[in-house]
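# Summary of the model geometry
One letter stands for each residue in the lines below.
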Amino acid sequence: MRFAHGEAPTWPEARKAEVEEIIARYPDSRSAVLPLLHLAQAARGWVAQEDLEAVGRILGLSTAYVDSTASFYAMYHGHPVGKYVITVCTNLSCHLAGAGKVLEALEKTLGIKPGETTRDGLITLEGTSECLAACDAGPVAQVNVEYFLRLTGAKAETLVEALRSGDTKALAGLAEHGEAAAEAVLSARVREVPAHV
Ligand code: FES
């Protein structure tokens, strides 16, 4: 099972107005699945089985349907993760462009394997075979929801250093969306989807 169990979610009540606003946006309730999962992830930091059930209850959909939708996207984490989640695309184009070297450099610098989190809880490393839809600019990685393109092993090390030290400038130099992305990653909005994405 990809989504672990957790406490009962508080977001359906705590963010009721937002939930209602999201539902009102779409004529088909299924379209609200992804935005509600974003709310769930923003509240807990990851998505639990109980969040899938809550989304299903709210929208009148089966948990299995919500699960199948959530499972399709690498951006939803089914277990507790660090403040920053680095997801490296290992699909064909990125693989051919050198994603293996990027992943290797990250593993070495962080001292962890994909699926693991650093001991200080700061960074989780993930590898995904799901294409991140930026194949012409590989190797590609995401830090939370921000894109980092044309990575190399050296750039990956700089990325980690920038996250560890909170260096906005260094991070902005690597991020697809520059300073806005760097600020979004380093700020408290790390798990929200910023307006520029
Ligand atoms: S193969 Fe990596 S973004 Fe498409």
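Above this text is the structure in question.
This write-up is about the structure you can find in this document. All figures in this text were calculated on a predicted structure; none of them were measured in a lab.

### What to know about the packing of helix α3 (residues 33–44) against helix α5 (residues 63–72)
For the pair α3 and α5, interaxial distance at closest approach is 11 Å and the crossing angle is 80°. On the basis of their axis angle, the class for α3 and α5 is roughly perpendicular. Facing Val33, Leu34 and Leu37 of α3, the residues of α5 in contact are Tyr65, Val66, Thr69 and Ala70. Split into classes, the residues belonging to the contact of α3 with α5 amount to 6 nonpolar, 1 polar and no charged.

### Points about unusual backbone geometry
Geometrically, the link from Gly138 to Pro139 is a cis peptide bond, its omega value of -5° lying close to zero. Assignment of secondary structure puts Pro139 in the loop between β2 (123–128) and β3 (141–143). Unlike most non-glycine residues, Ala133 shows phi in positive territory, near 65°. Structurally, Ala133 is set in the loop between β2 and β3.

### Quick notes on the sheet that holds β2
Adjacent strands of a sheet pair through backbone hydrogen bonds, lying either parallel or antiparallel. Spatial strand order, β2-β1-β3-β4: 4 strands in an open sheet with mixed pairing. Here the strands that pair on one side only, and so sit at the sheet edges, are β2 and β4 (146–148). Taken pair by pair, the neighbouring strands of this sheet meet at an average axis angle of 25°, ignoring direction. With 6 bridges connecting them, strand β1 (residues 84–89) and β2 associate as parallel partners. Looking at the pairing, Thr87 lines up with Glu126 of β2. Across the sheet, helix α7 (residues 99–110) lies against β1 and β2, angled at about 150° from β1, the strand it touches most.

### What to know about the packing of aromatic side chains
All chains considered together, the criterion is met by 2 aromatic pairs. Plain terms: the ring middles of Phe72 and Tyr73 are 5.0 Å apart, the flat faces sit at 85° to each other, and that makes the pair edge-to-face. Among the residues examined, Phe72 registers a relative accessible area of 52% and is labelled exposed. When its relative accessible area of 28% is taken as the criterion, Tyr73 is described as partly exposed. When the ring of Tyr73 is compared with that of Tyr76, the centres are 6.2 Å apart and the planes differ by 85°; the resulting orientation is edge-to-face. Looking at Tyr76, the relative accessible area reads 0%, which means it is buried. A cation over an aromatic ring shows up here: Arg44 above the ring of Trp46, its NZ or CZ 5.5 Å from the ring centre.

About the cut-offs
- Along each chain, residue indices are assigned from 1 in the same order as the chain's sequence is written.
- Note on the predicted model: pLDDT of at least 70 is required for a residue's local features to be given, and 80 or more for side-chain atom pairs to be given and counted; whole-chain, interface and lining totals, by contrast, use all residues.
- Values reported for side chains reflect all heavy atoms of the structure, with hydrogen atoms and water molecules removed beforehand.
- In this analysis an axis means a line fitted to C-alpha atoms, helices contributing only their contacting stretch, and an angle means the value between N-to-C directions, from 0 to 180 degrees.
- For the purposes of this entry, the term helix denotes a DSSP run of H or I that reaches at least four residues, the term strand denotes a run of E that reaches at least two, and both are numbered from the N terminus.
- When describing relative orientation, an angle under 35 degrees is termed roughly parallel and one over 145 degrees roughly antiparallel, while 65 to 115 degrees is termed roughly perpendicular and anything else oblique.
- Here a residue-residue contact requires only that any non-hydrogen atoms of the pair lie within 4.5 Å.
- Each residue gets one label: Ala, Val, Leu, Ile, Met, Phe, Trp, Tyr, Cys and Pro are nonpolar, Asp, Glu, Lys and Arg are charged, and the others, such as Gly, are polar.
- Strand pairing follows a simple DSSP-based rule, namely that at least 2 bridges must link the two strands.
- The aromatic pairing rule takes the rings of Phe, Tyr and Trp, using the six-membered ring of Trp, and pairs them if the centres are within 6.5 Å, calling planes under 30 degrees apart stacked, those over 60 edge-to-face and the rest tilted.
- The classification of residues rests on relative accessible area computed with a 1.4 Å probe and restricted to protein chains. Under 20% of the type maximum is buried, over 50% is exposed, and intermediate values are partly exposed.
- Remark: a charge is flagged as sitting over a ring if the NZ atom of Lys or the CZ atom of Arg is within 6 Å of the ring centre and within 35 degrees of the ring normal.

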